[in-house]
Amino acid sequence: MDYQDYYATLGVKKSASQDEIQKAYRKQARKYHPDVNSSPEAEDKFKQITEAYEVLKDPEKRKTYDRFGSQWKQRGGAPPGWQNMRTDFGGGSGFSDFFEILFGGGGAGRGARGGDPFGGGFGFSGFPGGGGFSQSLDQEVTLALTLEEAAQGGQRQITVRDPQTGSSHTLSVTLPEGVRSGQKLRLAGKGLEGPGGQRGDLFLKIDLRPHGRFKLEGRDLHADLPVTPWDAALGGQASVKTLAGTLRVKVPAGSSSGRKIRLRGKGFPDPRGQSGDLYLEIKVAVPETLSDEERSLFEQLAEVSDFRPA
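This one's a predicted model, so the numbers in the text were calculated from it and none came from an experiment.

What follows covers the pairing of strand 7 (residues 220-227). Where burial is concerned, the two faces of strand 7 differ: the one with Leu221, Ala223, Leu225 and Val227 is buried and the one with Asp220, His222, Asp224 and Pro226 is not. Relative to strand 7, strand 6 (residues 215-217) is paired through 3 bridges, and the arrangement is antiparallel. Within the sheet, the bridge partner assigned to glutamate 217 lies in strand 7 and is aspartate 220. A loop of 2 residues connects strand 6 with strand 7, the two strands running antiparallel in sequence, and glycine 218 in this loop sits at a positive phi of about 65 degrees. Alignment of strand 7 against strand 11 (residues 278-284), held across 7 bridges, turns out to be parallel.

Bringing helix 3 (residues 42-56) into the picture now. With 15 residues, helix 3 should reach 21 Å at 1.5 Å per residue; the first-to-last C-alpha distance of 21 Å fits that figure. The set of residues buried in helix 3 consists of Ala42, Phe46, Ile49, Thr50, Glu51, Ala52, Tyr53, Glu54, Val55 and Leu56.

The full count for this structure, using the stated rule, is 3 aromatic pairs. Between tyrosine 7 and tyrosine 65, the ring centres sit 6.1 Å apart and the planes meet at 45 degrees, which makes this aromatic pair tilted. One end of the pair, tyrosine 7, is in helix 1 (residues 6-10); the other, tyrosine 65, is in helix 4 (residues 59-68), with 58 residues separating them in the sequence. The exposure class assigned to tyrosine 65 is buried, which follows from its relative accessible area of 4%. Ring geometry for tyrosine 25 against tyrosine 53: centres 4.1 Å apart, planes inclined by 0 degrees, an arrangement best described as stacked. One end of the pair, tyrosine 25, is in helix 2 (residues 18-32); the other, tyrosine 53, is in helix 3, and 28 residues separate them in sequence. Overall, tyrosine 53 belongs to the buried group, its relative accessible area being 9%. Ring-pair connections join several aromatic residues into one group, and the members of that group are Tyr6, Tyr7 and Tyr65. Directly above the ring of tyrosine 32 sits lysine 45, whose terminal nitrogen or CZ lies 5.7 Å from the centroid.

Of all residues in the chain, 78% attain a pLDDT of 70 or more, and the chain-wide mean is 78. Predicted confidence in the chain is weakest over helix 7 (residues 107-113), with a mean pLDDT of 35, and strongest over strand 11, with 95. Every residue in residues 79-134 scores below 50 in pLDDT, and together they form 95 contacts with partners more than four places removed in sequence or on other chains.

Reading guide: rules and limits
- Residues numbered from 1 in each chain as written.
- Predicted model: local features only at pLDDT ≥ 70, side-chain atom pairs only at ≥ 80, totals over all residues.
- Heavy atoms only, no water.
- Buried < 20%, exposed > 50% of the residue type's maximum accessible area, 1.4 Å probe, protein only.
- Helix = DSSP H or I, 4+ residues; strand = E, 2+ residues; numbered from the N terminus.
- Pairing = 2+ DSSP bridges.
- Expected span 1.5 Å × (residues − 1).
- Phe/Tyr/Trp six-rings, centres within 6.5 Å; stacked < 30°, edge-to-face > 60°.
- Lys NZ or Arg CZ within 6 Å of the ring centre and 35° of its normal.
- pLDDT = per-residue confidence, 0-100.
- Contact = heavy atoms within 4.5 Å.

As structure tokens, then:
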């Protein structure tokens, strides 16, 4: 290739850091790699950006290039084997050389084990046919929900960022009742956009936030039920907040802390069948301060009662 301004090719300033050069190269490589760009000029453009990166990523080559400019190759700075590098990407020995220059050493095997060598969710899906690689357009994002939101389901607006372009778009999704943490919801055709407008799928991975009152076990909910000493001893009614609203429950007479009340079907909903149960654990609560009359009554109770906890 003739002399080219490597900084201009990658779209960076001459003072760019190594990290900036690498990020610029990855961005350009995603755009012009022949496996994802079928335009006639894509392969030549990809060769140019790869040559520029091969030089600028190496401090010694970059120093020679900065010093001698258009004469740098005559000064011994050309990348070894550059003119003979194969770029057909369709298999054979050329792919290994290409992979080494593209990803920085270790050959194709190391790059394949390393996940996404481009970073940022490019989504490599393997190396078919003994050579090049294919791009996955599927995307996965985490959707954090409260227990109430997950239990009720319904319409929800979410904003999804495209890791390739940095752009964002908003989607309206319908959540089923009772989605669980770790569950994945598939939105067909809402993933990343590839050549020709083709789109992959978007997967929403549900993450349930910790709740200040309820603990979820399977589809059963567990919560504390504070009651007064007199309701615990005599029985009474208590107000209970559930995921679906407020209920009144009966507190059996003679209830000590630790006793559990089971409310069938009042737990976490199951879209395929019966909802879980709600377990309320009684916690006898005493007032922190007493009026004179309350203190007198408690003193009378202490005098007449022979009850002693075991």
